[in-house]
Every structure is written in structure tokens, then in C-alpha cells.
Amino acid sequence: MKITKIEPQKKRPGRMNIYADGEFLVGVAADTLIRFAIRKGDEITPDTVRAIERAEELLGAKTAALRLLGVRPRTVREIRDALREKEFSDEIAAETIAALRASALLDDAAFARAYVRNALALRPSGTVLLKRKLLLLGVDRAVADEALGEILGQVDQADEAARAAGKFLSRKPRSPATESRLRQQLIQFLMRRGYTWDIVQEASRRAMKGAAGEGEEF
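Everything quoted here is computed from the prediction, not taken from an experiment. (Residues numbered from 1 in each chain as written. Predicted model: local features only at pLDDT ≥ 70, side-chain atom pairs only at ≥ 80, totals over all residues. Heavy atoms only, no water.)

Participant: Which residues make up the packing of aromatic side chains, and what are the values?
Facilitator: Inspection of the entire model under this criterion finds 3 aromatic pairs. Judged by centre distance (5.8 Å) and plane angle (80 degrees), the rings of Tyr19 and Phe24 are edge-to-face. On the numbers, 6.0 Å between centres and 25 degrees between planes, the contact of Phe111 with Tyr115 is stacked. With a gap of 4 residues between them, Phe111 and Tyr115 both fall in helix H5 (residues 108-122), about one helical turn apart. Overall, the relative accessible area of 24% leaves Tyr115 in the partly exposed class. (Phe/Tyr/Trp six-rings, centres within 6.5 Å; stacked < 30°, edge-to-face > 60°. Helix = DSSP H or I, 4+ residues; strand = E, 2+ residues; numbered from the N terminus. Buried < 20%, exposed > 50% of the residue type's maximum accessible area, 1.4 Å probe, protein only.)

Participant: Residues and numbers for a positive patch on the surface, please.
Facilitator: Where like charges cluster on the molecular surface, the positive patch consists of Arg163, Lys167, Arg171, Lys172, Arg181 and Arg192. Counting residues per element, the ones that place at least two in the positive patch are helix H8 (157-170) and helix H9 (179-192). Mapped onto the elements of the fold, Arg192 is located in helix H9. (Patch = residues over 30% accessible without salt bridge, like charges linked within 9 Å, V, L, I, M, F, W, Y side chains within 5 Å. Areas by Shrake-Rupley, 256 points an atom, 1.4 Å probe, with all protein chains shown as cover. Salt bridge = Lys/Arg side-chain N within 4 Å of Asp/Glu carboxyl O. Lys, Arg positive; Asp, Glu negative; His and termini not counted. Charge placed at Lys NZ, Arg CZ, Asp CG, Glu CD.)

Participant: With reference to specific residues and values, describe the environment of Ser103.
Facilitator: Structurally, Ser103 can be placed in the loop between helix H4 (90-102) and H5. Judged by its relative accessible area of 47%, Ser103 is partly exposed. On a C-alpha basis, the gap between Ser103 and Glu23 in space is 39 Å, while along the polypeptide they are 80 residues apart.

Participant: Any chance you could break down the sheet that holds strand S1 (residues 3-8) for me, citing the residues and the numbers?
Facilitator: Sheet architecture is open: 3 strands sit in the order S1-S2-S3, paired in antiparallel fashion. Among the strands making up the open sheet, the edge pair consists of S1 and strand S3 (23-29). Strand-to-strand twist in this sheet, taken as the mean axis angle between neighbours without regard to direction, amounts to 25 degrees. Taken together, the 6 bridges between strand S2 (residues 15-20) and S3 define a ladder with antiparallel strand orientation. Residue pairing for S3: Ala20 is matched across the bridge by Glu23. Contacting S2 and S3, helix H2 (residues 46-71) runs over the sheet at an angle of about 40 degrees to S3. (Pairing = 2+ DSSP bridges. Axes fitted to C-alpha atoms, helices over the stretch in contact; angles between N-to-C directions. Contact = heavy atoms within 4.5 Å.)

Participant: Which residues make up the nonpolar core, and what values do they have?
Facilitator: Ala161, Phe168, Leu169, Leu186, Phe189, Leu190 and Tyr195 are the most contacted members of the largest nonpolar core, which totals 17 residues. With 6 residues, the single largest contributor to this core is H8. Excluding residues that lie within four positions of it along the chain, Phe189 makes contacts with Ala164, Ala165 and Phe168. (Core = buried A, V, L, I, M, F, W, Y, C linked by side-chain atoms within 4.5 Å.)

Read these as spatial facts, not as claims about activity.
Right, here's the structure in full:
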């Protein structure tokens, strides 16, 4: 086949249409045109066409992934799943992910640390809840454990849980008759926040004692 015409696409700036033997052959990015040194009058083989199509698919996958990363950080699984939804092949998805990792644009360990920091800044939460969320996002268990150990090691979770428990109690009417029910509600609240049982027990004890010390006898 001989390339008979190369022209810009009217509706997509930066992309070109290539014609061979007078018929449309393939649409490509201008960078792909330069990379493959495609010129009018050149002969083009089916193997070259397949290589161009693959390069275009890879470029499309990278563009889609970068668009997602521009909104917020993502895990490897999130990017892989998104590319599959857009019907990119597993091979193209794997190559895209490898390139993003090499450029430090995709890093599950860094994602996990940032996620935990942001979650704690928005609302104090415990290890159980944070780990569950990281695993749901596709972070490997060992990576999640390392991030949680690093970030939560700098936080006194018992104190944070006790403060959260105190705020919870401050919004509840209290009386000796409702002590048992209120204690159960408090424990359930702290469990939903993802604190471990030992922290839940300690925080609820401290909060209930603190409430009593403020004049509410239980």
C-alpha cells in the first residue's frame, strides 16, 4: 500500500487521517505520525499499520488514565478496572500501568499513606475502617498494613476515640435510666468508626466517666 494523502481531522485538532491507495486507512495523533515517520508517497505494510494501531491504543489508554489521575489519586486496581470498562485490552492496560508506575504517577503505597492522612483529617477513624476502605480500593493488604502502621503510629487513637465518644455523648440526653442503652449506642458508634475493641472499651469507659464527672451521674 502507498500513502496517498495525510490531512488534519476537522473535529479533533492534533489528529491526522492517513489514506492509502486513495482510501482512508487510519486516524492517528500527530505525535504518532512523527514517531513512525509517515509521509505521503511512502509504502506502508500491514505490520506497520498494526504497530500504528497498537501505539494509538496505548496512547488512548494513557490519556484516559491521566485524565482519571487528574481528578484524584488512584490505585492500580482502579486504573485497571477503568481501562477495562473502556474496553482496552489487558495487555494495553498492563503496559499503561507499568509506564505510570515508572513515572511515579501510580503508587499504591503513596496512595495508601495519603488516603489515611486525609481520612484522619476529615474525621477520626480507626484501623479497622481505614483498612477495609483501602482494601476495597484495591490496595494490597501488606501495603495497607504498612501505611496504617506508619501513619497511625503517630496518632493516639485512644485519645481520638475518647474525644469522639465525648462529642457523641454531648448530643444525647442522659439519665440513670438510659445508662445501659446509651453505653451500647456509644460502643456501636465507635465500632462504626472502625476502632479496635480494646480502644472502644477504653474510650467508652473514659467518655462515660467524663460525662459523669461533669454532673451526669450514671
